[in-house]
Amino acid sequence: MNHGGFIDLVKRYSMQIGFDFSLIKCIQINIYDKFEEWHGKVNPIIMDEELYIELSIHKKVIDNFNTDNQNKQQISQSIIKHELFHCKEISITSTYIDWHKAYFHEPITTTKLLLFDTAIKQWSEYYAYYNSAKLYKRDINLLNRISSSDASLTVMHNKLIEGFRDIQMPFSFITDIISFIHICIIFSAYYNSTNDKKYHKELAYIEHSSLYKKYYPYIKDLSYVMNTLYTSYPKWISESAMIEVGYKLFSFIKINGITYSTNDLSDNFIFIKTDT
């Protein structure tokens, strides 16, 4: 499949999912690099003061789509449609919220902007995964991301109980926590969209895990909340609603005895010990 053939494919898939293809102003086919972790990317861009979208797909995804291997074809199809559902979500959400704030805000230096930015990105991930999940039911392992996040929060909590009044969350810890949120979002999307037994088994495994069962209520409740948001989307979309979603995404920090240091979240990632 040459570049023109791929564009025709994207047009056809766009029509299938009800997305306006004309909003994509740039399509890049990247030569596959084994050191790259991503297979597709969507970036909002500004042209003539209007919001458009840049779509990037690795060449290997297209190559796999053209093979006789049905499994590889399904994976490639799910990747391409996943990215197009990102495009569709951005085109919808941007009509309900200031897209300058959502996609082109200043560097993240406050807890409030961290929650808002995380909510914007993870909602888009949920929407895209939910709608592409049935094309390829990937395996999802929650434990690795839980362990990294739990270790970071445990370090912070131990510092607080040692006598620190507050503590600034290091960037590496924020990365671990967002990675955990991200895998929970992916899991919730597959769990809700497919109702496949293997995702129920994964959740049950967490529920009975001696080390990480404390995260079971968070994951279970997050799946319910995200499903509720999906069924009422886009009516609920607003800046304040996105911040509330951010609160929900980060709510598991309280399991580890940590909470926010300011009510308006104007601090720069400063956290304190909970009262209980």
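What follows is about the packing of aromatic side chains. Counting across every chain of the model gives 23 aromatic pairs. With a centroid separation of 5.6 Å and 40 degrees between ring planes, the pair formed by Tyr260 and Phe271 is classed as tilted. In this pair, Tyr260 is assigned in strand β5 (residues 258-260) and Phe271 in strand β6 (residues 270-273), connecting sequence segments eleven residues apart. Given the relative accessible area of 11%, Tyr260 is considered buried. Aromatic rings pair up to connect Phe85, Trp123, Tyr126, Tyr127, Tyr130, Tyr230, Tyr233 and Trp236 into one cluster. Lying over the aromatic face of Tyr13, Lys81 brings its terminal NZ or CZ to 4.7 Å of the ring centre.

As a further point, take helix α3 (residues 70-93). Given a rise of 1.5 Å per residue, 24 residues ought to cover 34 Å, and the 34 Å separating the end C-alpha atoms of α3 matches this to within 8%. Two or three places before Asn71, at the start of α3, stands the capping residue Asn69, its side-chain oxygen 3.0 Å from that residue's backbone nitrogen.

Time to look at the environment of Ile62. Structurally, Ile62 is set in helix α2 (residues 59-65). Each C-alpha atom of the pair Ile62 and Thr111 lies 39 Å from the other, and the pair is 49 residues apart in sequence.

The three strands are arranged β4-β6-β5 in an open sheet whose pairing can be described as antiparallel. Either end of the sheet is taken by a strand with one partner, and the two such strands are β4 (167-168) and β5. The pairing of β4 with β6 spans two bridges and is antiparallel. Residue pairing for β6: Gln168 is matched across the bridge by Ile270. Most of the contacts of helix α6 (residues 143-161) go to β6, to which it runs at about 65 degrees, and overall it touches β4, β5 and β6.

The buried fraction of strand β3 (residues 50-58) amounts to eight of the nine residues, a majority that puts the element mostly inside the structure. Sheet topology places strand β1 (residues 24-30) next to β3; six bridges connect them, and they run parallel. When the bridges of β3 are listed, Ile27 appears paired with Leu55. Where strand β2 (residues 40-47) lies against β3, eight bridges are found, and the strand directions are antiparallel.

Attention shifts here to helix α10 (residues 239-249). Among the residues of α10, those classed as buried are Ala241, Met242, Ile243, Val245, Gly246 and Leu249. Residues of α10 that are buried in the fold lie against α3, α5 (111-132), α7 (171-194) and α9 (216-232).

Cut-offs used in this document
- Residues numbered from 1 in each chain as written.
- Predicted model: local features only at pLDDT ≥ 70, side-chain atom pairs only at ≥ 80, totals over all residues.
- Heavy atoms only, no water.
- Phe/Tyr/Trp six-rings, centres within 6.5 Å; stacked < 30°, edge-to-face > 60°.
- Helix = DSSP H or I, 4+ residues; strand = E, 2+ residues; numbered from the N terminus.
- Buried < 20%, exposed > 50% of the residue type's maximum accessible area, 1.4 Å probe, protein only.
- Lys NZ or Arg CZ within 6 Å of the ring centre and 35° of its normal.
- Expected span 1.5 Å × (residues − 1).
- Polar contact = N/O pair within 3.5 Å; in protein donor to acceptor, adjacent residues only side chain to side chain.
- Pairing = 2+ DSSP bridges.
- Contact = heavy atoms within 4.5 Å.
- Axes fitted to C-alpha atoms, helices over the stretch in contact; angles between N-to-C directions.

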